[in-house]
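Spelled out from the first residue to the last, the chains are:
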Amino acid sequence: RDLSDSSSRVRVDGTEELIEADVLGVVTKQKWQSYRLVRVKAQFSSIFDGFGQIQLLVIVLLSTTLLEVPIESLLILLIVFAKLSNYLGRITGGIQALRVAEAKCNRYRDLIQRLGVGDFVAHKKIRSSEKIFQVSCTNVGFAYEADKPILDDISLELKQGDRVLLTGGSGNGKTTLIDVLSGLIIPDAGHVMLNQRPLNREQFYRLRSQMILASSTMYVFDHSIRFNLALDIEYDEEQLWEALRMVELHNFVADCSLGLDTVVGPNGEQLSVGQRQRLLFARIFLRKPSLALLDEATANLDPELEAKVVDNLNRAPDSSAIVFLVAHKPPPNFQYNRHFTIANGLLSEQTSWRGS
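Residues numbered from 1 in each chain as written. Predicted model: local features only at pLDDT ≥ 70, side-chain atom pairs only at ≥ 80, totals over all residues. Heavy atoms only, no water.

Draft legend 1. Geometry of the sheet that holds strand β1 (residues 134–145). Pairing is antiparallel in the open sheet, where 4 strands are placed in the order β2-β1-β4-β5. Looking at strand neighbours, the two that pair on one side only are β2 (148–159) and β5 (197–198), the edges of this open sheet. Across 8 bridges, the pairing between β1 and β2 is antiparallel. The partner of Gln-134 across the bridge, within β2, is Lys-159. Sheet strands touched by helix α6 (residues 174–182): β1, β2 and β4 (189–194). Its angle to β2, the strand with the most contacts, is close to 55°. (Pairing = 2+ DSSP bridges. Helix = DSSP H or I, 4+ residues; strand = E, 2+ residues; numbered from the N terminus. Contact = heavy atoms within 4.5 Å. Axes fitted to C-alpha atoms, helices over the stretch in contact; angles between N-to-C directions.)

Put into structure tokens, the structure is as follows:
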């Protein structure tokens, strides 16, 4: 489940190779859990065998004393039933084992498909230093259910330096639009362009290192804080600490006995929701992407902390970067030059803006 939940994070951050150890860990854990289950079953089987022997003695005594069944006939019947029971137990056990194996195979196959292994094998080495200077979509439509479009004829163009605010109620397509712009979702209609080229698989894998996608629900890997910040890129320690300072997480990490090497647990369970969110947000200040897509990325922060993080966001990224912030309730201090609203899948641009 954890690996499946992380599939979007894996694709955007290019960490397919880095989670191979996690996949092996899941398989190993599954193996040992199965082994322990077999042992528990064996222990219960011994207990029930003991009860079975007691029951057998009771049956023999009752049959010979009350029903006056000849003991020779009774023993023959018991032996026949015992043999049949043994064979039937093997058959039903085999059927159950096949069902369990089939379920496991289906889960692993689904996992591999969701992680996009087939795609990443072909594209994992594609990297480009080219910055993202233009994002556009034309007449984009998308629906999770055929008769209920979530995006309806959406068109917009973003260029270098744009600071964009997108607002709208829940269920109106904000997150879906982010996923379409990032390349995680292929639209049913229309097309998306990155740097004036179609956002196909090759373009996605070429430019994903220039992109950051942060949200309130994004996955944190069961690794160290250092790993979750840097992933497969080399950074100086000071760069890591500076990124943590920009999200007000440096004091917490400094107080941890292992510092940057503190392991956060599956999906960051050793961190609070707000700390998890800030850890992901810190990548923006570390990687300095040319496209930052932020989907309710400060939703779990208290107002004072949110204001500090957003102030740093206003100042820190390259002035040529595109920052696209989606919010149900926008941060009061976010500086933007374009404001869109979305309702019932329809996008409209407002005239309001907030500069420095």
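Draft legend 2. Geometry of the packing of aromatic side chains. By the definition in use, this model includes 5 aromatic pairs. Ring centres of Phe-204 and Tyr-205 lie 5.2 Å apart, and the angle between their planes is 85°; on these two criteria the pair is classed as edge-to-face. When sorted by exposure, Phe-204 lands in the same class as Tyr-205, which is buried. (Phe/Tyr/Trp six-rings, centres within 6.5 Å; stacked < 30°, edge-to-face > 60°. Buried < 20%, exposed > 50% of the residue type's maximum accessible area, 1.4 Å probe, protein only.)

Draft legend 3. Inspection of the side chain of Arg-338 at higher detail. Structurally, the position occupied by Arg-338 is in strand β9 (residues 338–343). Polar side-chain contacts of Arg-338 include one of 2.5 Å to the backbone oxygen of Glu-157. Engagement of the side chain of Arg-338 in a polar contact is seen with the side chain of Asp-162, the distance being 3.3 Å. Apart from residues no more than four positions distant in its own chain, Arg-338 is found in contact with Glu-157, Leu-158, Asp-162, Arg-163, Val-164, Leu-165 and Glu-349. (Polar contact = N/O pair within 3.5 Å; in protein donor to acceptor, adjacent residues only side chain to side chain.)

Draft legend 4. Broad picture of the nonpolar core. Residues Leu-229, Leu-244, Leu-279, Phe-281, Leu-294, Leu-313 and Phe-334 are the most contacted members of the largest nonpolar core, which totals 39 residues. With 7 residues, helix α11 (residues 273–287) is the single largest residue contributor to this core. Excluding its chain neighbours within four sequence positions, the residues that come into contact with Leu-313 are Phe-281, Ile-284, Phe-285, Leu-294, Val-323, Leu-325 and Phe-334. Listed in part, the 34 residues of the second largest apolar core include Phe-142, Ile-154, Leu-184 and Tyr-205. (Core = buried A, V, L, I, M, F, W, Y, C linked by side-chain atoms within 4.5 Å.)

Draft legend 5. Up close: the confidence of the model for the chain. Summing up the model confidence of the chain, the mean pLDDT is 79 and the portion of residues at 70 or higher is 68%. For the chain, the element scoring lowest by mean pLDDT is helix α5 (residues 117–123), at 49; helix α10 (residues 250–255) scores highest, at 95. (pLDDT = per-residue confidence, 0-100.)

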